[in-house]
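# Observations on the model geometry
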Amino acid sequence: MNLKGRSLLTLLDYKPEEIQYLINLAKRLKEEKIQGIQHRHLEGKNIVLLFQKDSTRTRCAFEVGSTDLGCQTTYLGPTGSQMGKKESVKDTARVLGKMYDGIEFRGYLQSDVQALADYSGVPVYNGLTDDFHPTQILADFLTIQENFGYLKDIKFTYYGDARNNMGNSLMIGCAKMGMHFKAVAPKALWPAKELVDICLEIAKTTGATLSFEEDPIKGAIDSDVIYTDVWVSMGEPKDVWMKRIKELHQYQVTKKIMDQASKNAIFMHCLPAFHSLDTEVGKSTALEFGKTYPCVANGELEVTDEVIESKQSVVFEEAGNRMHTIKAVILASLSNDF
Ligand code: CP
Ligand code: NVA
């Protein structure tokens, strides 16, 4: 396997065996880290982290992962660079490509991360756009592999806005790895037909299946994994909340939903999650909509506190795996030896 020089813009560009290779490399790097074995394979390299949107996990995963590899990082936050304001993405790409060995980008447009890859001449990593979040899926799949021992034939069920970056990327990932992807949401929030058709073509070669369900209870039956994400994504206008709560309140992941899933089912979420009154958004949403929709009155939106705090929940292990998988992506793309 040779992934040197490769960008990761969407998992559509990766073969199943390449995805599996990155997951297994992450597993190895995780074991080495636990055993205190250093792996500074990228001494002298530099990568830049361009963030147009906020982040906890992705930024920290890139920073710690790079440091462990001996690779330096520069963080440029939403207000920290000329990009987009005084300088085009294309020009920024050509400048950064002269100084850095790799570029991470989190932002809005997939065309921006594509332009960085097209013009920088170095590997570019998509740290989330409105359309895709591929590094998250690598962490999710490492977590599933750790829990079940395999990926193929896992019954994977996604609740919520299935047309967002997470819904899209999880569907692609499941299609690639021969898993059984099901989106449980009102029809209006199912993934775009164009992407479904692409994934159906992939599924023909991997044995994956895709299905779509409107009934929130029926949707969970026999699932190995129940996954959900926020109902309103970064960058969406605030007034979307009312519409989304109306559309999705019946799809809140509750114990009743978890009880329909298989005996050994796990609960996953890319995080951050709204499950209590301990966040500004949880509080204000509860205040504004709690009377009309009692299920959100405690600040529990896409998942209840009971579920996310339950034994079935693997969300924090999943978050930790962001670092190991991102480290694998950086290493494989920048080293001759991995
Ligand atoms: N899951 C995820 O991407 O989290 P951050 O927004 O904190 O990076
Ligand atoms: N769909 C979410 C994912 C966050 C990791 C968002 O884009 O805000």
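This section reports on the structure supplied with the text. Within each chain, residues carry numbers counting from 1 in the order of the written sequence. Ligands are numbered from 1 and chains lettered from A, in the order in which they are written. Predicted model: local features are reported for residues with pLDDT of at least 70 only, side-chain atom pairs are reported and counted for 80 or more only, and whole-chain, interface and lining totals are derived from all residues. Water and hydrogen atoms play no part in the side-chain values, which are based on all heavy atoms of the structure.

## Details of the side chain of Thr143
To keep it simple, the criterion reads: Secondary structure counts use DSSP, requiring at least four H or I residues in a row for a helix and at least two E residues in a row for a strand, with both numbered from the N terminus. Here a polar contact is recorded for every N or O atom pair within 3.5 Å, except that within protein the pair must consist of a potential hydrogen donor and a potential acceptor, and residues adjacent in sequence are included only if both atoms are side-chain atoms. The contact criterion used is simple: two residues touch if any of their non-hydrogen atoms lie within 4.5 Å.
Relative to the elements of secondary structure, Thr143 occurs in helix α5 (residues 134-148). Polar contacts involving the side chain of Thr143 include one to the side chain of Asn321, which spans 3.0 Å. Residues within four places of Thr143 in sequence aside, it is in contact with Met268, Val314, Glu318 and Asn321.

## Regarding the pattern of salt bridges
How we decide: Salt bridges are defined as contacts in which a side-chain nitrogen from Lys or Arg sits within 4 Å of a carboxyl oxygen from Asp or Glu. Accessibility here uses a 1.4 Å probe with only protein chains present; expressed as a share of the type maximum, an area under 20% marks a residue as buried, one over 50% as exposed, and anything in between as partly exposed.
Applying the stated criterion across every chain yields a total of 19 salt bridges. Between Glu18 and Arg6 there is a salt bridge, with the nearest N and O atoms lying 3.0 Å from each other. With Glu18 in helix α1 (residues 16-34) and Arg6 in the segment before α1, this residue pair connects regions lying 12 residues apart in the sequence. Overall, Glu18 belongs to the buried group, its relative accessible area being 7%. With a closest N to O distance of 2.8 Å, Lys30 and Glu317 form a salt bridge. With Lys30 in helix α1 and Glu317 in helix α12 (residues 315-334), this residue pair connects regions lying 287 residues apart in the sequence. Among the charged side chains, a salt-bridge network with shared partners connects Asp161, Arg163, Glu236, Lys243, Arg244 and Glu247.

## Quick notes on the site of ligand 2
Condition: Summary of the distance rule: residues count as near a molecule or strand when at least one heavy atom falls within 4 Å of that molecule or strand. For accessible areas, the Shrake-Rupley method is used with a probe of radius 1.4 Å. Any residue's cover is judged against the shown protein chains and nothing else. Think of a 1 Å grid over the protein atoms and nothing else: a 1.4 Å probe that fits but is trapped marks a cavity, an open set flanked by protein within 12 Å on at least five of seven lines marks a pocket, and residues with an atom within 4 Å of a point count as lining. Here the criterion for a molecule occupying a pocket or cavity is that more than half of its atoms lie within 2 Å of the pocket grid points. Each residue receives one of three labels: charged for Asp, Glu, Lys and Arg, nonpolar for Ala, Val, Leu, Ile, Met, Phe, Trp, Tyr, Cys and Pro, and polar for the others, Gly being one of them.
All residues in the neighbourhood of ligand 2 are listed as Leu128, His133, Asn164, Asn165, Asp229, Val230, Ser233, Met234, Cys270 and Leu271. Contacts to ligand 2 include Asn165, whose side-chain N or O atom sits 2.8 Å from a nitrogen atom. At 2.7 Å from a nitrogen atom of ligand 2 is found a side-chain nitrogen or oxygen belonging to Ser233. For ligand 2, the accessible surface in isolation is 270 Å², of which the surrounding protein chains cover 95%. Judged by its atoms lying within 2 Å of the grid points, ligand 2 is housed in the largest pocket. Its residues placed into classes, the shell around ligand 2 shows 5 nonpolar, 4 polar and 1 charged.

## Observations concerning the packing of α1 against α5
Rules: Axes here refer to lines fitted to C-alpha atoms; in helices the fit is confined to the stretch in contact. Angles between the N-to-C directions go from 0 to 180 degrees. An angle below 35 degrees is treated as roughly parallel, one above 145 as roughly antiparallel, one from 65 to 115 as roughly perpendicular, and anything else as oblique.
At a closest axis distance of 10 Å, the pairing of α1 and α5 adopts a crossing angle of 70 degrees. It follows that α1 is roughly perpendicular to α5 by the angle criterion. Along its contact with α1, which presents Ile19, Gln20, Leu22, Ile23, Asn24, Ala26, Lys27 and Lys30, the element α5 presents Leu138, Phe141, Leu142, Gln145 and Glu146. For the contact of α1 with α5, the class distribution of residues is 7 nonpolar, 3 polar and 3 charged.

## Quick word on the packing of helix α8 (residues 240-248) against helix α10 (residues 280-289)
Between α8 and α10, whose axes approach to 12 Å, the crossing angle comes to 75 degrees. As the angle between them shows, α8 and α10 are arranged roughly perpendicular. Counted together, Trp241, Met242 and Ile245 of α8 and Val281, Thr285 and Phe289 of α10 form the full contact between these two elements. Here the contact of α8 with α10 is composed, by residue class, of 5 nonpolar, 1 polar and no charged.

## A few points about the layout of surface pockets
Spelled out, the test is: Grid points are joined across faces, edges and corners, and a volume is the space filled by probe spheres set on the points.
Taken as a whole, the largest pocket spans an internal volume of roughly 880 Å³. Here the lining of the largest pocket gets 6 residues from one element, more than from any other, and that element is α10. Grouping the constituent residues of the lining of the largest pocket by class yields 15 nonpolar, 11 polar and 10 charged.

## Quick notes on the pairing of strand β8 (residues 225-228)
Heads up, the condition is: We treat two strands as partners when DSSP finds at least two bridges between them.
In β8, alternate side chains face the same way, and those of Val225 and Tyr227 on one face and Ile226 and Thr228 on the other are all buried. Pairing of strand β5 (residues 155-159) with β8, which is carried by 4 bridges, proceeds in the parallel orientation. Of the residues in β8, the one forming a bridge with Tyr159 is Thr228.

## Let's talk about the site of ligand 1
Lining the immediate surroundings of ligand 1 are Ser55, Thr56, Arg57, Thr58, Arg106, His133, Gln136, Cys270, Leu271 and Arg322. Take His133: an N or O atom from its side chain is 2.8 Å from an oxygen atom of ligand 1. Arg322 places a side-chain nitrogen or oxygen 3.1 Å from an oxygen atom of ligand 1. Isolated, ligand 1 exposes 250 Å² of accessible area, and the fraction of that covered by the protein chains is 95%. For ligand 1, the cavity whose grid points lie within 2 Å of the majority of its atoms is the largest pocket. Grouping the amino acids of the shell around ligand 1 by side-chain chemistry returns 2 nonpolar, 5 polar and 3 charged.

## Focus: helix α6 (residues 165-176)
What counts, and what does not: Residue count minus one, scaled by 1.5 Å, sets the expected span of a helix.
Over its 12 residues, α6 extends 16 Å from the first C-alpha to the last, a length consistent with the 16 Å expected when each residue adds 1.5 Å. Where α6 ends, the next residue or the one after it, Gly178, has phi of about 70 degrees, a positive value.

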